[in-house]
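# Secondary and tertiary structure notes
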Amino acid sequence: MLNKTKILHNVCIVSILTISLISCGDNPHVKDLSNMDLTLNTTRFEQDLFSSRSVEDILKLREKHPDFYPVYVNDIIAANVQIPGANDTDIAVELYKYISHRDMDSLYSIVQSDFTDFSTYSDELEVASKYISYYFPDDTINSVTTFISTFQYGAVYDQVHKSFGVGLDMYLGSDFEVYGLLNPENFPMYRIRKFEPYRIVSNCVQTYVDYKVPTFNDTKFIEKAVYEGKKLYLLDLLIPTAHDSLKINYTQGQIEWCKDHEQNMWKYMVQKDVLFSSDKNEYQKHYFNDGPFTSTFGNDSPPRTGAWIGWQIIRQYMASNPEMSIHDWLKDTDHAAIFQKSGYRP
């Protein structure tokens, strides 16, 4: 099975070094994993695919990529190659048509120009994979596969084969003119701003976290907030040197906005009885869905402020319970009780 991130997340265009790294000196989550025996292997699937010159070459890809090829044709680009009653040869024919289209050839050329060398991202993903293995030894990830999906998927976690996938065509930069020609309902500008290559590692790890944190059917705002906070705190552990904006997919300045307005947000939620609201459609729409801002807090606010609040609750809860193991913490689904025990009251 796959865990998929279709639309990527964000920070505005700034230097990757200034936004993605924070000081390790006072970060308790940073570990020395230099001696861990883990090597991440990188496969450039799109290069093999677009080098195919016949249907027969496509069919040979199944043998060369026995794990990824089925995922690619059955999940990632199924809409482009699957037809009713199709056998393997039929799918190979459709896939060959897909890569032979002139627009696809052009897209492939642009992707290769931008990602001639993927080693920087592979190295960073290897470090993240070591953190995953440190906390979850049964989930050792030792491979990443790059591909092109015609703007469908930016990051994929294959939980069966325990591997990452990266849709390179979703990381061509917010100024890539083709993004602006796509359906604005699926590609609004606030999302296009997030299509930057320095999002690759955090997006991949997010897909793993979405799989790892058990699904929870919340009935109140505070339960949803703590659930989302759990996922963000897990990102604190797995990519500890990443800036917080990368973990929650904020643009530059939005983390700072939340910190500056934390008390005001909390006061509003208490006064308006948001914390224990059971109107799921309302609190999901206003406080947890992605968007340009949180409507109740104005156009200058970031989106998903409910998740940010939940993150702070979990951080305070874990600081007060340092002896709790990550496995016990993930299993604890009494999210209202976690909130009460956290003592979070900004």
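The structure this text deals with has already been given above.
Criteria and thresholds
- Residues numbered from 1 in each chain as written.
- Predicted model: local features only at pLDDT ≥ 70, side-chain atom pairs only at ≥ 80, totals over all residues.
- Heavy atoms only, no water.
- Helix = DSSP H or I, 4+ residues; strand = E, 2+ residues; numbered from the N terminus.
- Buried < 20%, exposed > 50% of the residue type's maximum accessible area, 1.4 Å probe, protein only.
- Phe/Tyr/Trp six-rings, centres within 6.5 Å; stacked < 30°, edge-to-face > 60°.
- Lys NZ or Arg CZ within 6 Å of the ring centre and 35° of its normal.
- Core = buried A, V, L, I, M, F, W, Y, C linked by side-chain atoms within 4.5 Å.
- Contact = heavy atoms within 4.5 Å.
- Expected span 1.5 Å × (residues − 1).
- Arc of directions from axis to C-beta.
- Salt bridge = Lys/Arg side-chain N within 4 Å of Asp/Glu carboxyl O.

## A few points about unusual backbone geometry
For lysine 162, which is not glycine, the phi torsion reads 50 degrees and is therefore positive. Among the structural elements, lysine 162 can be located in the loop between strand 4 (155-158) and strand 5 (163-167). Of the residues examined, lysine 162 reaches a relative accessible area of 22% and is grouped as partly exposed. The phi torsion at asparagine 249 lies on the positive side, around 65 degrees, for a residue other than glycine.

## Regarding the packing of aromatic side chains
In this structure the tally under the stated criterion is 30 aromatic pairs. Taken together through their ring pairs, the aromatic side chains of Phe221, Trp257, Tyr268, Tyr283, Tyr287, Phe288 and Phe297 make up a single cluster. Above the ring of phenylalanine 288, the side-chain terminus of lysine 224 is found at 5.9 Å from the ring centroid.

## Side note on the nonpolar core
Nonpolar side chains in soluble globular proteins tend to be buried together. Counting 106 residues, the largest nonpolar core has Tyr72 and Leu95 as its most contacted members. The biggest single contributor to this core is helix 11 (residues 221-238), with eleven residues. The contact partners of leucine 95, leaving out residues within four places of it in the chain, are Leu49, Ile58, Tyr69, Tyr72, Val73, Ile77 and Val81.

## Topic: helix 7 (residues 102-114)
Residues lying three or four places apart along an α-helix face the same way, a consequence of the helix completing one turn every 3.6 residues. The terminal C-alpha atoms of helix 7 lie 19 Å apart, and with 13 residues this matches the ideal 18 Å at 1.5 Å per residue to within 8%. Of all the positions in helix 7, only Met104, Leu107, Tyr108, Val111 and Gln112 are classed as buried. For helix 7, the arc enclosing every buried residue in end-on projection is 135 degrees, short of the 170-degree limit, so these residues lie on one face. In this structure, helix 7 carries Arg102, Asp103 and Ser113 as exposed residues pointing more than 90 degrees from its buried face. Summarising the contacts, the buried residues of helix 7 are in contact with strand 2 (41-44), helix 2 (45-50) and helix 6 (88-100).

## So, the pattern of salt bridges
When the charged atoms of two side chains with opposite charge come close together, those side chains can pair. Tallied over the full model, the rule gives 18 salt bridges. Note that aspartate 139 is salt-bridged to lysine 212, the shortest N-O span being 2.8 Å. Residue aspartate 139 is found in the loop between helix 8 (119-135) and strand 3 (143-147), and its partner lysine 212 is found in helix 10 (residues 200-212); the two are separated by 73 residues along the sequence. The class of lysine 212 is partly exposed, set by a relative accessible area of 23%. With its nearest N and O atoms 2.5 Å apart, the salt bridge here joins lysine 194 to aspartate 290. A residue pair is termed long-range when its members are at least 10 positions apart, and lysine 194 in the loop between helix 9 (189-192) and helix 10 and aspartate 290 in the loop between helix 15 (280-287) and helix 16 (305-320) qualify at 96 residues. Residue classification places aspartate 290 among the partly exposed residues on the basis of a relative accessible area of 29%. A cluster of three or more residues bridged by salt bridges with shared partners is formed by Asp210, Lys224, Glu228, Lys231 and Arg304.

That is the geometry; function is a separate question.
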